[in-house]
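Structural characterization, general
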Amino acid sequence: MSSHAAAAGTRHDAPAVPAGGRATPRAEDPGAPAGTAPSKLHLDHVQLQQTWRAMLRIRRFEARCVELYQAQQIRGFLHLCDGQEAVAVGVAAALEPRDAVVATYREHGQALARGVPMPALMAEMLGRLEGCCRGRGGSMHVFDAARRFVGGNAIVGGGLPLAAGLAFADQRLGRGAVTACLFGEGAAGEGVFHETLNLAALWRLPVLFVCENNLYSMGMPWAQADAQQEVWRKAQALGVPAEPVDGMDPVAVQAAAVRAVARIREGAGPQLLECRTYRFRAHSMFDAQAYRTREEVERWRAHDPVERLRRWLLDNHQADAATLARIEAEVAAEIDAAVAFAQAGTLEPVGELERFVLAEVPAGEAGPAEATPAGTAPMAPSTPPQEVPA
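In what follows, the accompanying structure is described.

If you check helix H7 (residues 191-203), its first and last C-alpha atoms are 19 Å apart, about what 13 residues at 1.5 Å a residue would give, namely 18 Å. Among the residues of H7, those classed as buried are Phe193, Thr196, Leu197, Ala200 and Trp203. In a view along the axis of H7, the buried residues occupy a sector of 145°, so they form one face of it. Summarising the geometry of H7, the exposed residues directed more than 90 degrees from the buried face are Glu195 and Leu202. On its buried face, H7 sits against helix H6 (159-173), strand S2 (179-184), strand S3 (207-213), helix H8 (231-237) and strand S5 (271-276). A positive phi of about 55° marks Arg204, the residue just after H7.

Take a look at the structure:
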């Protein structure tokens, strides 16, 4: 795995990535302009093992979701991200707690990588009150306000303008936060893609756009759907700096994301990464996959990010078989505990199904009508800013 070999340090290297796995620029990197991130990451064996664990958690979580779906414990639509784990893990490693993440409807892995607790996520999958959305979001609408994980969106491209809005708010409030917006290549064919990137470039919004290009949107080969199949070139045409990335390599994704996030925080405006990846499973549980062959899927499985990194760790003496077996056992136990937690959860009472349709005002607090003094008109909405951000 050449990119890992180039990016990873030995056991004796001083890593440029803190224990949490988020990379930082190294001032001693020769030729690196001041204030920019290095072109490569320096990861030690512990951090690489953490990366493998993060991807394995996602892969095993998705496999258990299939079992629960077949047992009719998970209902509705189910979109799995097997094969795309490197994108979620690599991008998440470049972010900070103050940042926001706008996800797709294939977002279980993105939620886990962001830090949404597995028990709460599994409970959400089973529609339990103990879920991160009280069981109301399910597979396609995971949300976690505490972690600024602004959920999945069932509308293709629907998260793009939301990300711009979040970034605009952070910019105006001076929070120094970055919004990472993940979307599929199918969204690049929507008008909202062009509208959002144009506005983000015009206002220099702090957004990291991440296109997970898995080649098929839903069931249409990308080569037959768009004349310009390189999404990063579309972004460049709109004034957004962009680059293609090997989306099957978590270290390559993390390195690119670290560079992009550093530029955004320096005020360079939005950036876009096109991560070339592949989903091993069907688009959803109702997809016959008539648009591709088994041979093609098997060819892509040779680039499986979980298996490639496992082999690389062993071949380069960054982990031994016993260490990886221990990690696998710990992940299996974590998933078993999450499933048990979810299955022991409670369903929302029928009498509360209409709750949250309207905002709830705690007893004793003045509502909007009560807050307006008698004889005066309600305050008009604030007017839009007269000047766009520089």
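Still more to cover.
This brings us to the packing of aromatic side chains. For any pair of aromatic rings, the description rests on two quantities: the centre-to-centre distance and the angle between the ring planes. Tallying each qualifying case throughout the model produces 4 aromatic pairs. Seen from their ring centres, Phe168 and Trp203 are 5.0 Å apart, and the 35° between their planes marks the pair as tilted. One end of the pair, Phe168, is in helix H6; the other, Trp203, is in helix H7, with 35 residues separating them in the sequence. Centroid distance Phe183 to Phe193: 5.8 Å. Interplanar angle 55°. Geometry classified as tilted. Remark: Phe193 occurs in helix H7 and Phe183 occurs in strand S2; sequence separation between them is 10 residues. In this structure, Phe183 and Phe193 share a single accessibility class: buried.

On to the pattern of salt bridges. Summed over all chains, the structure comprises 27 salt bridges. For the salt bridge of Arg98 with Glu96, the shortest nitrogen-to-oxygen distance reads 2.7 Å. Assessed through its relative accessible area of 37%, Arg98 is described here as partly exposed. Since its relative accessible area comes to 24%, Glu96 is described here as partly exposed.

Across the sheet, which stays open at both edges, the 5 strands sit in the order S1-S2-S3-S5-S4 with parallel pairing between neighbours. Among the strands making up the open sheet, the edge pair consists of strand S1 (100-102) and strand S4 (242-246). Between one strand and the next, the sheet's axes are offset by a mean angle of 20°, whatever the strand orientation. Examined bridge by bridge, S1 and S2 share 3 bridges and lie parallel to one another. Counterpart to Val102 in the pairing with S2 is Cys181.

Parameters at a glance
- Residues numbered from 1 in each chain as written.
- Predicted model: local features only at pLDDT ≥ 70, side-chain atom pairs only at ≥ 80, totals over all residues.
- Heavy atoms only, no water.
- Helix = DSSP H or I, 4+ residues; strand = E, 2+ residues; numbered from the N terminus.
- Expected span 1.5 Å × (residues − 1).
- Buried < 20%, exposed > 50% of the residue type's maximum accessible area, 1.4 Å probe, protein only.
- Arc of directions from axis to C-beta.
- Contact = heavy atoms within 4.5 Å.
- Phe/Tyr/Trp six-rings, centres within 6.5 Å; stacked < 30°, edge-to-face > 60°.
- Salt bridge = Lys/Arg side-chain N within 4 Å of Asp/Glu carboxyl O.
- Pairing = 2+ DSSP bridges.
- Axes fitted to C-alpha atoms, helices over the stretch in contact; angles between N-to-C directions.

Such coordinate-based values are descriptive only and should not be taken to indicate function.
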